[in-house]
Amino acid sequence: MICIELEKAFEKAENINVYNDGEVITYSPHTDGYKSILKGWTAMIENAHLMPAFGVSLNNETVKAMKKGLWVEFDFNKLYESNGLPYEKLLIEVNSGYSGFNLIRYMQEYGYDGRCFYYDLVSKDMSSLYNLLINL
């Protein structure tokens, strides 16, 4: 297991998966799409506050929800740990009006079941990232 600060973990992703109404496009680190997403993501979470999550994720509900709307998933292909919580992937629902969001942890053994991380964007919203992902 690799222990890392959550803010630094995203740049370690082996792939970034973008789900749009259930269709997935995968971006690898050598692509312009990956670099654009990472740059947009980093700008969005700059000065954000990591807070305790409001709830937990249920795998079946999360998989069902991913069939609608826009989602981005950071796939690490390794076991990482931040703030005492392990993960292999981090999934986020992207909605232009959201000013805070859960980062849903994925582990091969449990799927998307379990506690989440939560980011408060502090006077920002997800509109820039949303527009970036829609226009890739």
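The preceding data block contains the structure.
In this report, we go over the structure that sits alongside the text. (Residues numbered from 1 in each chain as written. Predicted model: local features only at pLDDT ≥ 70, side-chain atom pairs only at ≥ 80, totals over all residues. Heavy atoms only, no water.)

### Digging into the state of the cysteines
Reasoning step 1: Inspection of the entire model under this criterion finds zero disulfides.
Reasoning step 2: You can see Cys3 has no disulfide; the closest cysteine sulfur is in Cys116, sitting 19 Å from it.
Reasoning step 3: Overall, the relative accessible area of 5% leaves Cys116 in the buried class. (Disulfide = S-S within 2.5 Å. Buried < 20%, exposed > 50% of the residue type's maximum accessible area, 1.4 Å probe, protein only.)

### Let's talk about the pairing of strand β5 (residues 70–82)
Reasoning step 1: Where strand β1 (residues 2–3) lies against β5, two bridges are found, and the strand directions are parallel. Opposite Ile2, over in β5, you have Tyr80 as the bridge partner.
Reasoning step 2: Here strand β2 (residues 15–20) runs beside β5; their pairing, made up of six bridges, is antiparallel. For Ile16, the partnering residue across the bridge sits in β5 and is Phe74.
Reasoning step 3: From the end of β5 to the start of strand β6 (residues 85–94), which pair antiparallel, there are two residues, and Asn83 there has a positive phi angle of about 50°. (Pairing = 2+ DSSP bridges. Helix = DSSP H or I, 4+ residues; strand = E, 2+ residues; numbered from the N terminus.)

Geometry only, nothing functional implied.
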